[in-house]
Amino acid sequence: MSDLKGVLSEAVGAAFAQAGLPPELGRVTASDRPDLADFQSNGALAAAKRVGKNPREIADAVAQALAGDPRLSAVEIAGPGFINLKLTDAALGARAQAIADDPRLGAERVAQPRRVLVDYGGPNVAKPMHVGHLRASIIGESIKRLYRFRGDEVLGDAHFGDWGYQMGLLIGAVMDENPAVAGVVDALNAGQTADLAAFETVSLADLDRLYPEAAAKGKADTDYRDRARKITAALQDRQPGYFALWQRFRDVTQVALQRDFHALGVDFDLWKGESDVEDLIDPMVAELDAKGLLVDDQGARIIRVTREGDKKDLPPLLVVSSEGSAMYGTTDLATILDRKRSFDPQLVIYCVDQRQADHFEIVFRAAYLAGYAIEGELNHVGFGTMNGTDGKPFKTREGGVLKLNDMIEMTREKARERLHEAGLGEDLSADEFEEIAGKVAVAALKFADLQNFRGTSYVFDLDRFTSFEGKTGPYLLYQAVRVKSLLRRAEAEGVKAGPIAVTEPAERELTLTLDAFETALTEAYDRYAPNAVAEHAYRLSQAFSKFYAACPIMTAQPAVRASRLALAQTTLAQLERALDVLGIAVPERM
Ligand code: ARG
């Protein structure tokens, strides 16, 4: 590890070893009191407990061993035995230069890259995406980028929901409403040929309207539900009429999904659906049976997954329903098998709403029992909800579910307003203005989401999200664009960046912040927590603001100017990198 934290941990560790203590005690962290020190080690306190000595004595011994280190300008002992470390300007300058020269801007790669699959977004056929899919898309996209940036081989898969009971429900509902469509479906099912033109009248809006009605009817009316289940089973058997209508559903949905994902800057390597594993299901069921895992349960076939010591009763995995259909969990299990055979991932990350935690626990346990994955390889990375001001999952004013497309449009409109208010983008062409408004909107939505730990729910507040002030995406874009314009000006004046020398407090602070990129990335990576990177981006732009206010660039002496310009360039590059990990793109100007 070559970040300062790593380098100093090694030095302090060696000092602990000299004092006859375990080197791990030397681990340093950023100082709690940046006014007094840059880094600190609390190891003497832990050591004192272990060996029953006075912590200050241990700290003294360690400090003495560190005294000759040329990188340190001060080693001080504070309070009960904290060791406070301050770096020399030269050491900080060298680190800033190393980050500036590093194409990875100070970020390490994982020592052992893995094959990682991220299952996220989770859109469904025949249902427009709603705000619930927003978080799955934003967080999943960021985790995919983060893992890729760390050096893993990563695939993102949308895992399209296209094969369950909801398909049977909708097919029935569309046929009830539209006799021409029903005629074609029946004819095809009877083995006749028919003209598919009637299907063209079926739109996503129809499906969207019919689905909630059909779902409600299915809950209230057992005959209706039974019919939907039968249709689902027949669809999964590829009855030609149902299958053809289902394909129409898929097609009309795909267009809308691609539009929404594109608008959000979300893109998948694999666009696979539940239906893609259909061929694997029969052989898989036979194999599960042969392994003795399947149990008959009132006409259905299940896998029991409870374990000794379970705190709560997990229901079994329903593999085959009593109608003979594959269920949500069945396709998930078959998908695990499919992925194992194709990509053989060492880690699978499911970025899905926290409310599906039990579902995944059940599927994962079944997969481990079946030998389709090794214990620990499958991970559900859940998240909380985006709420309205009432603290409940966000709804429209009419109490309905807000479609993702409408939310994106709303945010864009607000972004345009905000840009006008701030007098930004006024001199740009209409096209460029639109592009910027789009980027501001995406930054607003993504940063508002990613700045919280994913498990936390947050309140949708478009006014705050889109503000150019405070901890927001638009603020970060604005800061980055400011640096870009500064660099353009320097270039126009023929001023070039040069070797970095760090002297001013604001330069020291900026360098320490640049150095902390690695720590933020590691934390985000280990905890599936992009908020650590969001926090870093925010701190970096704040540190830059202070630096820019305290350290004039263009008017400084040539050597100082060149150094500060290099710091500005490096900051911009790292900020853009961090934002890219969050899935946020920075416009050229604003
Ligand atoms: N389509 C599902 C939903 O809307 C989410 C899919 C999540 N991924 C998975 N492998 N089950 O709830």
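Residues numbered from 1 in each chain as written. Predicted model: local features only at pLDDT ≥ 70, side-chain atom pairs only at ≥ 80, totals over all residues. Heavy atoms only, no water.

Participant: How would you summarise the packing of aromatic side chains if you had to cite specific residues and measurements?
Facilitator: With the rule as written, the count across this model stands at 20 aromatic pairs. Geometrically, the ring pair formed by Tyr-147 and Tyr-525 is stacked, given 4.1 Å between the ring centres and 20 degrees between the ring planes. Of this pair, Tyr-147 sits in helix α5 (residues 131-149) while Tyr-525 sits in helix α19 (residues 517-527), and the two are 378 residues apart along the sequence. The same class applies to Tyr-147 and to Tyr-525, which are both buried. Ring centres 5.5 Å apart and planes at 25 degrees place the aromatic pair Phe-544 and Tyr-548 in the stacked group. (Phe/Tyr/Trp six-rings, centres within 6.5 Å; stacked < 30°, edge-to-face > 60°. Helix = DSSP H or I, 4+ residues; strand = E, 2+ residues; numbered from the N terminus. Buried < 20%, exposed > 50% of the residue type's maximum accessible area, 1.4 Å probe, protein only.)

Participant: Which residues make up the sheet that holds strand β7 (residues 294-297), and what values do they have?
Facilitator: Ordered in space as β7-β8-β9, the 3 strands form an open sheet in which the pairing is antiparallel. Both edges of this open sheet fall to β7 and β9 (317-320), since each of them pairs with a single strand only. Each neighbouring strand pair of the sheet contributes to a mean axis angle of 45 degrees, computed without reference to strand direction. Where strand β8 (residues 300-303) meets β9, 3 bridges bridge the pair, whose relative direction is antiparallel. Residue pairing across strands places Ile-302 opposite Leu-318, the latter belonging to β9. (Pairing = 2+ DSSP bridges. Axes fitted to C-alpha atoms, helices over the stretch in contact; angles between N-to-C directions.)

Participant: Go over helix α14 (residues 404-421) with me, naming the residues and quoting the values.
Facilitator: Compared with an ideal rise of 1.5 Å per residue, which puts 18 residues at 26 Å, α14 spans 26 Å between its outermost C-alpha atoms and is within 8% of the ideal. Looking only at α14, the buried set comprises Leu-404, Met-407, Ile-408, Thr-411, Lys-414, Ala-415, Arg-416, Arg-418 and Leu-419. Buried-residue contacts for α14 involve α5, α10 (240-264), β12 (386-387), α15 (430-450) and α16 (462-465). Just past α14, the residue Gly-423 takes up positive phi, approximately 65 degrees. (Expected span 1.5 Å × (residues − 1). Contact = heavy atoms within 4.5 Å.)

Participant: I'd like a description of the sheet that holds strand β2 (residues 39-41), backed by residues and values.
Facilitator: Taken in spatial order, the 4 strands of this open sheet run β1-β2-β4-β3, and their pairing is antiparallel. Every interior strand has two partners, whereas the edge strands, β1 (28-30) and β3 (72-78), have only one. Here the strands of the sheet are splayed against their neighbours by 25 degrees on average, with no regard to which way each runs. The pairing of β3 with strand β4 (residues 82-87) spans 6 bridges and is classified as antiparallel. Each bridged residue has a counterpart across the sheet, and for Leu-72 the counterpart in β4 is Leu-87.

Participant: Could you give an account of the side chain of His-133, naming the residues involved and the relevant values?
Facilitator: Note that His-133 resides in helix α5. Looking at His-133, the relative accessible area reads 10%, which means it is buried. Once residues within four sequence positions are removed from consideration, His-133 is found in contact with Gly-121, Gly-122, Pro-123 and Asn-124.

Participant: Before we move on, can you summarise the pattern of salt bridges with the specific residues and values?
Facilitator: Counted according to the given criterion, the structure contains 50 salt bridges. Among the salt bridges present, the one from Asp-157 reaches Arg-339, with a minimum N-O distance of 2.9 Å. Pair noted here: Asp-157 is in strand β6 (residues 153-157) and Arg-339 is in helix α12 (residues 328-342), with a separation of 182 residues, a long-range link. Between Lys-484 and Glu-576 there is a salt bridge, and its shortest N-O distance comes to 3.1 Å. On the criterion of sequence distance, the pair formed by Lys-484 in helix α17 (residues 473-492) and Glu-576 in helix α21 (residues 558-581) is long-range, its members being 92 residues apart. (Salt bridge = Lys/Arg side-chain N within 4 Å of Asp/Glu carboxyl O.)

Participant: Give a description of the packing of helix α7 (residues 179-189) against α10 that names residues and reports values.
Facilitator: Contact pair α7 / α10: the axes reach a minimum separation of 6 Å and the direction vectors enclose 135 degrees. Put simply, α7 runs oblique to α10. Of α10, the residues touching α7 (which contributes Val-181, Val-185, Leu-188 and Asn-189) are Pro-240, Gly-241, Tyr-242, Ala-244 and Leu-245. (Parallel < 35°, antiparallel > 145°, perpendicular 65-115°, else oblique.)

Participant: Tell me about the site of the ligand, and name the residues and values.
Facilitator: The local shell around the ligand consists of Asp-119, Gly-122, Asn-124, His-133, His-159, Tyr-328, Asp-332, Tyr-350, Val-352, Gln-356 and Phe-360. In the environment of the ligand, a nitrogen atom lies 2.9 Å from a nitrogen or oxygen atom belonging to the side chain of Asp-119. At 2.9 Å from a nitrogen atom of the ligand is found a side-chain nitrogen or oxygen belonging to Tyr-328. When the ligand is considered free in solution it has 350 Å² of accessible area, and contact with the protein chains removes 87% of it. Split into classes, the residues belonging to the shell around the ligand amount to 4 nonpolar, 5 polar and 2 charged. (Near = heavy atom within 4 Å. Polar contact = N/O pair within 3.5 Å; in protein donor to acceptor, adjacent residues only side chain to side chain. Areas by Shrake-Rupley, 256 points an atom, 1.4 Å probe, with all protein chains shown as cover. Nonpolar A, V, L, I, M, F, W, Y, C, P; charged D, E, K, R; others polar.)

Participant: Kindly report on the side chain of Ser-31, identifying the contributing residues and their values.
Facilitator: Looking at the element boundaries, Ser-31 is found in the loop between β1 and β2. In contact with Ser-31, other than residues within four places in its own chain, are Ala-37, Asp-38, Phe-39 and Gln-40.

Participant: Describe the packing of α5 against α19, with residues and values.
Facilitator: The angle between the axes and the distance between the axes are what describe a pair of packed helices. Direction vectors running N to C along α5 and α19 enclose 120 degrees, while the axes themselves pass 10 Å from each other. One finds that α5 runs oblique with respect to α19. Here α5 and α19 pass one another in a crossing that is left-handed. Here α5 contributes Leu-146, Tyr-147 and Phe-149 to the contact with α19, which in turn contributes Phe-517, Leu-521, Ala-524 and Tyr-525. Of the residues that constitute the contact of α5 with α19, the class distribution is 7 nonpolar, no polar and no charged. (Left-handed = near helix turned anticlockwise from the far one by under 90°.)

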